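# Overview (structure and organization)
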Amino acid sequence: VIADMLRDRVLDEDKVVEKPMFSSVVIPSEYASQSGRAKVNGVLGMARIADSVDAIIPFDNRKLRDATRDIKPRIHDIERYNPPEYTDLNKPLVSFLEAFTMSSIPQVLDQDVDLAIRGEVFDPADSFRPVQDKYPYDPDREVDPAVVLAPVLGKIHASSFDRSKLQMLARKALFQNKLADFDPTTAWGGTFLVYGPEEKMASLAPLLDDGVLRDVLGGPDFLDRESVSGVGTVDVNTHRLVTPYLDDVYLWGTLWNPEMPSLSEMYEHALTVKQDGNSQLSAGIRDEWGRVEALFDCLGRENMP
């Protein structure tokens, strides 16, 4: 509802919004198996959201708990503002969103520094716009659904860099610290941002310029770009940013429209209720099924155009 109102009353031709807007919604996850209605509501809620927003980034509480402590920021007085059971969960979540939002701000300390080290300015919209062009045109669909972005974040402490260090960084981000449950080899591709202190980004610049990180991320151990049928391509977009006051190099990423087991389970349950039920809930699902299909038909590489 809020997203619809923002589009109608704020995001019109007469106003300019310079910053992205973020919102959060809780959908069934850990305890969804205890309630069939919760699964259905989760599917319907995501479909309605996808009708009104550009991108959805699901975070899984279980994955947030499993994320290693080295990606959790030091937040002053976080214990004062968070119930104890959520303090640790929120730290990796904040780390991911912090990287997401700071990326739209040019980090320039010295105008004389080679701009090639710093890279292009990356904006949050760059995380979902590339994949929107991949959506097939459907004249019967009023709007294209949101892009589902699977979040990852990893870091490495090193003084020099080569291909093996980039492979280690990629493994930390895509497997050790993925913040939702998904299979990278089912994604349509992804957008990644490497950021760190100036001296380390200078060391990384030749590898990034030569496309080594892009090759690593697209290789068989990670996104496996070659495992695709048809004419579609699995694209890997990499950006970089010099960020002051850091000691380590970070890899932040969003993978486009992968298969996500928790969402697939919710969808399959909703489909069963839709087909086999005669209740008011079943009727409600049938009324909204066009929105549901528009979103969930875009998940998984087999659904690439």
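Anything mentioned here points back to the structure above.
The paragraphs below set out a description of the structure included in this document. (Residues numbered from 1 in each chain as written. Predicted model: local features only at pLDDT ≥ 70, side-chain atom pairs only at ≥ 80, totals over all residues. Heavy atoms only, no water.)

## As for the pattern of salt bridges
The tally for this structure, following the rule as stated, stands at 8 salt bridges. With a closest N to O distance of 3.0 Å, Lys-155 and Asp-248 form a salt bridge. Of the two residues, Lys-155 is situated in strand β2 (residues 147-156) and Asp-248 in the loop between β4 (235-242) and β5 (249-256); the sequence distance between them amounts to 93 residues. The residues Lys-155 and Asp-248 share a single accessibility class, namely buried. One salt bridge in this structure joins Asp-209 and Arg-240, with 3.0 Å as the shortest N-O distance. With a gap of 31 residues between them, Asp-209 in helix α9 (residues 198-209) and Arg-240 in strand β4 connect regions that are remote in the sequence. Residue Arg-240 is classed as buried on the basis of its relative accessible area of 13%. Through salt bridges with shared partners, one network takes in Arg-48, Asp-51, Glu-288 and Arg-291. (Salt bridge = Lys/Arg side-chain N within 4 Å of Asp/Glu carboxyl O. Helix = DSSP H or I, 4+ residues; strand = E, 2+ residues; numbered from the N terminus. Buried < 20%, exposed > 50% of the residue type's maximum accessible area, 1.4 Å probe, protein only.)

## Topic: the sheet that holds β4
Adjacent strands of a sheet pair through backbone hydrogen bonds, lying either parallel or antiparallel. With mixed pairing, 5 strands are arranged side by side in an open sheet as β1-β2-β5-β3-β4. Where the open sheet ends on each side, the last strands, each with one partner, are β1 (55-56) and β4. Bridge count for β1 against β2 is 2 bridges, and the pairing is parallel. Each residue of the ladder has a partner; that of Ile-56, found in β2, is Val-148. Along the sheet, helix α5 (residues 84-102) contacts β2, β3 (189-196), β4 and β5; its crossing angle with β5, the most-contacted strand, is approximately 90°. (Pairing = 2+ DSSP bridges. Contact = heavy atoms within 4.5 Å. Axes fitted to C-alpha atoms, helices over the stretch in contact; angles between N-to-C directions.)

## As for unusual backbone geometry
Excluding glycine, most residues fall at negative phi; most peptide bonds, likewise, are trans. In the Ramachandran plot, Asp-224 falls in the positive-phi region, its phi being about 50° despite a non-glycine side chain. In this fold, Asp-224 is placed in the loop between α10 (212-218) and β4. We classify Asp-224 as partly exposed; its relative accessible area is 21%. Notably, Asn-257 is not glycine yet its phi reads approximately 50°, a positive angle. Position of Asn-257 among the secondary structure elements: in the loop between β5 and α11 (261-276). Overall, the relative accessible area of 0% leaves Asn-257 in the buried class.

## Observations regarding the pairing of β3
Within β3, 8 of the 8 residues are buried, which leaves it mostly tucked inside the rest of the structure. Burial along β3 is two-sided: Gly-189, Thr-191, Leu-193 and Tyr-195 and Gly-190, Phe-192, Val-194 and Gly-196, pointing in opposite directions, are all buried. Judged from the 6 bridges that link them, β3 and β5 form a sheet pairing that is antiparallel. Bridge pairing links Phe-192 to Gly-253 in β5.

## As for the environment of Asp-88
Looking at the element boundaries, Asp-88 is found in helix α5. Residues Asp-88 and Lys-72 lie 16 residues apart in sequence; the distance between their C-alpha atoms is 8.2 Å. Setting aside residues up to four positions removed in sequence, Asp-88 forms contacts with Arg-69 and Lys-72.

## A closer look at the nonpolar core
Leu-174, Phe-192, Leu-204, Leu-251 and Leu-255 are the most contacted members of the largest nonpolar core, which totals 64 residues. Not counting chain neighbours up to four residues away, the residues in contact with Phe-192 comprise Val-152, Leu-174, Leu-217, Leu-223, Val-236, Asn-237, Thr-238, His-239, Leu-251, Trp-252, Gly-253 and Leu-255. (Core = buried A, V, L, I, M, F, W, Y, C linked by side-chain atoms within 4.5 Å.)

## As for the packing of aromatic side chains
Centre distance and the angle of the planes are the two values used to describe a pair of aromatic rings. Summed over all chains, the structure comprises 10 aromatic pairs. A ring pair is formed by Phe-59 and Phe-96, whose centres lie 5.5 Å apart and whose planes are at 75°; its orientation type is edge-to-face. Of this pair, Phe-59 sits in the loop between β1 and α3 (61-66) while Phe-96 sits in helix α5; the two residues are 37 residues apart in sequence, bridging distant segments of the chain. Given a relative accessible area of 25%, Phe-59 falls into the partly exposed group. Here Phe-100 and Trp-252 contribute two aromatic rings whose centre-to-centre distance is 5.0 Å and whose plane-to-plane angle is 40°, an arrangement assigned as tilted. Remark: Trp-252 occurs in strand β5 and Phe-100 occurs in helix α5; sequence separation between them is 152 residues. Take Phe-100 and Trp-252: they sit in the same class, and that class is buried. One aromatic cluster is present, built from ring pairs that chain together Phe-59, Phe-96, Phe-100, Phe-122 and Trp-252. (Phe/Tyr/Trp six-rings, centres within 6.5 Å; stacked < 30°, edge-to-face > 60°.)

## Some thoughts on the pairing of β2
Of all 10 residues making up β2, 10 are buried, and the element is well covered by its neighbours. Of the two faces of β2, the one holding Val-147, Leu-149, Pro-151, Leu-153 and Lys-155 and the one holding Val-148, Ala-150, Val-152, Gly-154 and Ile-156 are both buried throughout. By the bridge criterion, 8 bridges tie β2 to β5 in an arrangement that is antiparallel. Its bridge partner being in β5, Ala-150 is matched across the sheet by Leu-255.

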